[in-house]
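# Geometric and topological summary
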Amino acid sequence: MTAVDTAAGLPAAAAAVDPGPAPTGRRGPRRAGVRVARAVLFTVLGAYFLVPIAASVAFTVRDRGTGGLTARWYTGIPSADGFAETFGRSLTLGLLTVAGTLLLLLPTVVLVTLRLPRVRRVVEFLCLLPLVLPPIALVVGVRSVLSWAPDHFYGTPLADAFFALQEPDLPWILVLVYVVLALPFAHRALDAGVRAVDLGTLTEAARNLGASWPRVLVTVVVPALRTAVLNAAFLTLALVLGEFTIASLLGFRTFPTWIVEISGASPQLSVSVSVLSLLLTWGLLVLISALDRRRPRTTA
Amino acid sequence: MTAAVAGTPTATVAELRDRPPADVVLSGVTRTYGSTTALDALDLHVAGGEFLAVLGPSGCGKTTALRAIAGFEVPDAGTITVGGRDVTTVPPSKRDMGMVFQAYSLFPNLTAADNVAYGLAVRRRGRTERRRRAAELLELVGLADRGDRYPHQLSGGQQQRVALARALAVAPQVLLLDEPLSALDAQVRVQLRDEIRRIQLELGTTTVFVTHDQAEALSVADRVAVLRAGRLEQVASPDELYSRPATAFVARFVGTTSAVPAQLRADGQVDLLGTTRPVAGPVPVGDVVALLRPEQVVLRPDAGGRGRVVTRTFSGGTTRVTAVLPDGTEVAADVVSTESTELVPGTAVEVAPTARPVLLVPAGDA
Amino acid sequence: MLGTLPFFLLVGVVLLLPVVVLAVEAFRVTDPVTYEDTWSTSAITSVTTGAYGRAYLGSLRLSLVTAALGTVLGLGLAAAMLSVRRGRLLRRLLLTASGVLANFGGIPLAFAFIAAIGNAGVVTALLSDLGITLGASLYSTTGLALVYLYFLVPLMVLTITPALEGLRPQWREASDVLGGSGWQYWRRVGGPVLLPSVLGASVLLFASAFAAYATARALVGSSIPLVTLQIADALSSNVLVGSEAQGKALALGMVVLVGAVMLVYGWLQRRASRWSA
Ligand SMILES: Nc1ncnc2c1ncn2[C@@H]1O[C@H](COP(=O)(O)OP(=O)(O)O)[C@@H](O)[C@H]1O
Ligand SMILES: [Mg+2]
């Protein structure tokens, strides 16, 4: 999970007032004590955060037989049994979820900002719900609903639709649930983007020139929100590539469930894949922050 | 701090009025940040009970000077004394001062009254005394009925009034204000400026008021100290600063000046715009630049005149008319509006000084 | 408005409907003999006692402790980070790392810890060469707490940094000139101003720890009493009729608990931020 709104933000700084030089603090014994405490905190927490990663790498590059180094557990990943299938599936699910999230949320956020300020709070609330609702509870509910197909309306087109959603090769039901799980992050990213550009003026200008709403969305809104959209997309993708609970409890094989599957027979492989997936997340998020930095600073 | 004058309805005001005024002396105060020298051996004397404005362009070290007095900056060199006590290394909380910041300094989680009473609360004064003094000071700044408001429920001007009341509530020896008006809009700014002056006169507290706005400095202060690049350029009464600036920098920064080429003669007279005037003080003979105030220049419509009107700006009773001379020099003049109707752009005019220039400087330095 | 319809539709069907169904069907039980569905509170009552009751307690304890520790450590780390002068680079580094690590929950995290301090872990081996054995097993509640903190602390750093940055230096300075000590400033101004944000962040931490399933599954199987593990077990045991209902009841209990926490949080939040706009 990434940054999340804590409900009570501080009153936003208004006008362009020179905040003055940063406080430099006093020099003296108290200052030195603070520095020591800080150094200790950084060292201890730094070690805590680095050791598992370093150990994972060490665990996977050491050859137990010869005692030397080996890249076997990394080079062997692509050809590992089940990797291609499950990673491909997770990636597909991720891309579909990204598309679904954007298609669903982008018009909603834009319309709420421009035309429906009254439902803003409702949308915000609904988008924050998945953050506190335990996914495992959600998945139990989803299972109950899915079980209506055989239990209650077997033989109807609705049941066929339900079964289609649960096609093991491409379980669309996961896409639907993942879109819901991605709402908090995607909404946050898009909402921040919408607030940063003056959408009202932009779209009004376009509408005055005679553009239709869908056209405005595609030609004006999306380009203006490019960074926000990419941001939301990457966060959503990272979420799907790591999601285990839902997939496992609905009985689908995805990349994360595959890692668990192989861990018994091949602990090194499961750790090397974990290291790679950490690198993947890291890459995605560094990309986001690079994009964030390129965005011109607009005063909100 | 002297014992509280309990019982009287104006305890804090009385306490402030009765304290012997303390002077503030900065001697050779230097503060550098890496390669920037914010204060360069600054000497400054603020007399007891005086209202001193510190004026200068942005980045000249005003805030640093004020923060050094408050104790937030420890000088690299030099000393600061308050009422004879050396406070150079005394932490801010032990300096007995009040400070008003540019903006947003009120504690957002406390009501206006609790903000005002903060200094008393940390001194462990009783609740009734805190209440009474907060009410008294809110009254002083004209916000008697806003005590229970939170800062976000107050306008910018009201917030600054509360900040002033909060600073005064501890009956400080010295009051420090760092551009307290610059975040406010023009009308409120003038109103609050006058009010600060009124309160200061009433209390007689030694006050240092930092601003980059010369009109603000001139209108409230007993004396104005002009800072430039961390050094004191001149300190004088507003009147003197305007009429007898010590340097070209001061002349330009305070009020409007026109720089007109002139010749200084060996007999101590200056040739200026076709007139000859005596000069006081030693200035090297030769080419100089005379600095003239707009009210020291007359423009007479004259078909054969060397000047030509380029702009006119109406400002009520007077109109500012700018003429350009053949050598490109621009000269501004204030003309009584009713007599300025002929001076439209393009008019040929004769330009002449009516008084001695405020300053002559060697031609290279202007 | 038509454009928002898909959003409300999906949220209605995939988020709200399952929760409602959960709340209803937790009170339905299937008779083992006749396969008749009847209304009953037996599933609900069974999950509040015995092993299930212990699982709730275990989950609550683990998530409360880790949320509290995560709040304190994250707050300390964020404050330390912001207190470094000219620390722009450090700040960017730590915030990016926090972004990555807060996302690094679940399965990969568990395996990283197994590789480090698991039975065959690198650090475990290193220490045993030195004759040291780890005080607590990774596969215990303590071990789990250690692993949870790995994503909770970064989550706290990410969530609270904006609030810490929102504390204006002028407040501290105003308190200083007025004669306040550092402690007085934090007690009267800094603390109360931060409180709503800290509360919000720690509730988020609690919810994350309470809902965590993947990490626990990969690390401890079902050897530790945790609700999430119990729910998964109940759902996967197809032999026992009625275990599905038990799973629903357990899940409903989680929702109710989280809901209760949110209510308390909302109340505290309103009290703590009375002064804000
Ligand atoms: N904390 C600081 N770190 C680095 N440079 C500073 C700091 N504070 C002030 N300066 C520099 O010192 C000079 C004077 O600053 P300041 O006193 O704030 O000016 P003023 O208030 O007159 O605008 C400026 O060049 C400013 O950039
Ligand atoms: Mg300044």
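Residues numbered from 1 in each chain as written. Chains lettered and ligands numbered in written order. Predicted model: local features only at pLDDT ≥ 70, side-chain atom pairs only at ≥ 80, totals over all residues. Heavy atoms only, no water.

### Quick notes on the overall build of chain C
Here is the rule: Helix and strand assignments come from DSSP, with helices taken as H or I runs of at least 4 residues and strands as E runs of at least 2, each series counted from the N terminus. Any residue under 20% of the maximum accessible area for its type is buried, any over 50% is exposed, and the rest in between are partly exposed; the area is computed with a 1.4 Å probe on protein chains only. In this analysis, two residues are considered to be in contact whenever any of their non-hydrogen atoms come within 4.5 Å of each other. All accessible areas in this document rest on Shrake-Rupley with a 1.4 Å probe, and a residue is counted as covered only by the protein chains that are shown. Residues scored as charged are limited to Lys and Arg (positive) and Asp and Glu (negative), so that His and the chain ends carry no count. By convention, the charge on Lys lies at NZ, on Arg at CZ, on Asp at CG and on Glu at CD.
On a plain count of helices and strands, chain C comes out with 12 helices and two strands. Secondary structure elements of chain C occur, N-terminal to C-terminal, as α-β-β-α-α-α-α-α-α-α-α-α-α-α. Projected onto its principal axes, the C-alpha positions of chain C cover 80 × 65 × 40 Å. Residues counted as buried form 55% of the 277 residues belonging to chain C. Here the analysis covers contacts within chain C between residues at least 6 apart in sequence; of these, 68% occur between residues at least 24 apart. For chain C, the accessible surface area stands at approximately 11,800 Å², while carbon and sulfur atoms represent 67% of it. With 17 positive and 10 negative side-chain charges, chain C shows a separation of 20 Å between the mean positions of the two kinds.

### Brief notes about the interface of chain A and chain C
For clarity, the cut-off: The term buried area refers to how much accessible surface (probe radius 1.4 Å) is lost by two components on association, counted for both of them together. Criterion for a salt bridge: a side-chain nitrogen of Lys or Arg within 4 Å of a carboxyl oxygen of Asp or Glu. Under this definition, polar contacts are N or O atom pairs within 3.5 Å; protein pairs additionally need one hydrogen-donor-capable and one acceptor-capable atom, and for neighbouring residues in sequence, both atoms have to be side-chain atoms.
Across the contact, 81 residues belong to chain A and 90 residues belong to chain C. With both chains or domains summed, chain A and chain C bury close to 7,200 Å², and 77% of this area falls on carbon and sulfur atoms. Our enumeration of links across chain A and chain C arrives at zero salt bridges. The interface formed by chain A and chain C includes six residue pairs in polar contact (both at pLDDT 80 or more).

### Let's talk about a nonpolar patch on the surface
Residue and element names in this part refer to chain A. Condition: Like charges within 9 Å and nonpolar side chains (Val, Leu, Ile, Met, Phe, Trp, Tyr) within 5 Å are joined into patches, using only residues over 30% in relative accessible area that form no salt bridge.
Nonpolar side chains collect at one region of the surface, where V36, V40 and V44 lie side by side and expose about 270 Å² of accessible area between them. Assignment of secondary structure puts V40 in helix α1 (residues 29-61). Here V40 falls in the partly exposed class, since its relative accessible area comes to 48%.

### Structural notes on the packing of helix α8 (residues 169-177) of chain C against helix α9 (residues 182-211) of chain C
All names here are of chain C. Going by this rule: Axis definition: a line fitted to C-alpha atoms, over the contacting stretch in the case of helices. Angles run 0 to 180 degrees between N-to-C directions. For any pair of crossing helices, the crossing counts as left-handed if the nearer helix is rotated counterclockwise from the farther one by less than a right angle, and right-handed if it is rotated clockwise. Residues are grouped as follows: Ala, Val, Leu, Ile, Met, Phe, Trp, Tyr, Cys and Pro are nonpolar; Asp, Glu, Lys and Arg are charged; every other residue, Gly included, is polar.
Contact geometry of α8 with α9 gives a least axis separation of 10 Å together with a crossing angle of 145°. Read as a crossing pair, α8 and α9 show a hand that is right-handed. Mapping the contact onto sequence places W171, R172 and S175 in α8 and G182, Y185, W186, V189 and V193 in α9. By residue class, the composition of the contact of α8 with α9 is five nonpolar, two polar and one charged.

### What to know about the UniProt feature "transmembrane region" (unreviewed entry) in chain A
The line we're drawing: UniProt positions are given in the numbering used here, feature names are shortened, and annotations may be inferred rather than shown by experiment.
As annotated by UniProt and renumbered to match this structure, "transmembrane region" (unreviewed entry) occupies residues 36-59, 91-114, 126-150, 170-186, 228-251 and 271-291 of chain A. Annotated as 100% helix and 0% strand, the span residues 271-291 of chain A places its first and last C-alpha atoms 30 Å apart.

### So, the domain arrangement of chain A
Size of an interface, as often reported, equals the accessible area lost when the parts are brought together. Residue and element names in this part refer to chain A. Which entries qualify depends on this criterion: Residue ranges labeled as domains rest on an automatic or database domain assignment.
For chain A, the assigned domains are domain 1 (30-70) and domain 2 (81-293). Each of domain 1 and domain 2 has a C-alpha centre, and these two points are 34 Å apart. Taken together, the six residues of domain 1 in the interface contact six residues of domain 2. Together, the buried faces of domain 1 and domain 2 total about 480 Å²; carbon and sulfur atoms form 83% of this surface. When residues of domain 1 are sorted by the area they lose upon contact with domain 2, S56, F59 and T60 head the list and together hold 69% of the total. Our count for the domain 1 to domain 2 interface comes out at zero salt bridges. In this assembly, domain 1 and domain 2 are joined by zero residue pairs in polar contact (both at pLDDT 80 or more).

### Notes on the sheet that holds strand β6 (residues 97-100) of chain B
What holds strands together in a sheet is hydrogen bonding between their backbones, with the strands either parallel or antiparallel. Residues and elements named next belong to chain B. We apply this condition: In this scheme, strands are said to pair when DSSP sees at least two bridges between them.
Here we have six strands laid out as an open sheet, ordered β6-β7-β8-β3-β9-β10, and mixed in their pairing. Two strands bound the open sheet, and with one partner strand each, they are β6 and β10 (231-236). When the angles between neighbouring strand axes are averaged without regard to direction, this sheet yields 20°. Running at roughly 140° to strand β3 (residues 51-55), helix α6 (residues 186-203) makes contact with β3, β7 (174-178) and β8 (206-211) of the sheet.

### Description of the UniProt feature "transmembrane region" (unreviewed entry) in chain C
Residues and elements named next belong to chain C. Residues given the UniProt feature "transmembrane region" (unreviewed entry) here are residues 62-82, 94-118, 138-164, 193-216 and 249-268. Each end of residues 138-164 is marked by a C-alpha atom, and these two atoms are 34 Å apart; helix forms 89% of the span and strand 0%. Annotated as residues 249-268, this span is 100% helix and 0% strand, and its ends, taken at the C-alpha atoms, are 28 Å apart.

### Examining the environment of T133 of chain C
Residues and elements named next belong to chain C. Tracing the chain through its elements places T133 in the loop between α6 (122-129) and α7 (141-165). Taking the relative accessible area as the measure of exposure, T133 reaches 69% and is therefore exposed. Linking T133 and Y150, residues 17 residues apart in sequence, is a C-alpha distance of 22 Å.

### Describing the nonpolar core
To keep it simple, the criterion reads: Residues belong to a common nonpolar core when they are buried Ala, Val, Leu, Ile, Met, Phe, Trp, Tyr or Cys residues joined through side-chain atoms within 4.5 Å.
By size, the foremost hydrophobic cluster in this structure holds 217 residues, and its most contacted members are L190 and L250 of chain A, L176 of chain B together with F7, Y148 and I231 of chain C. The greatest single-element share of this core, amounting to 16 residues, is contributed by α7 of chain C. When near neighbours in sequence (up to four residues on either side) are disregarded, I231 of chain C contacts I136 and V140 of chain A together with G247, L250, A251 and M254 of chain C. By size, the runner-up hydrophobic cluster in this structure holds 44 residues, among which are F51, A117, L138 and L164 of chain B.

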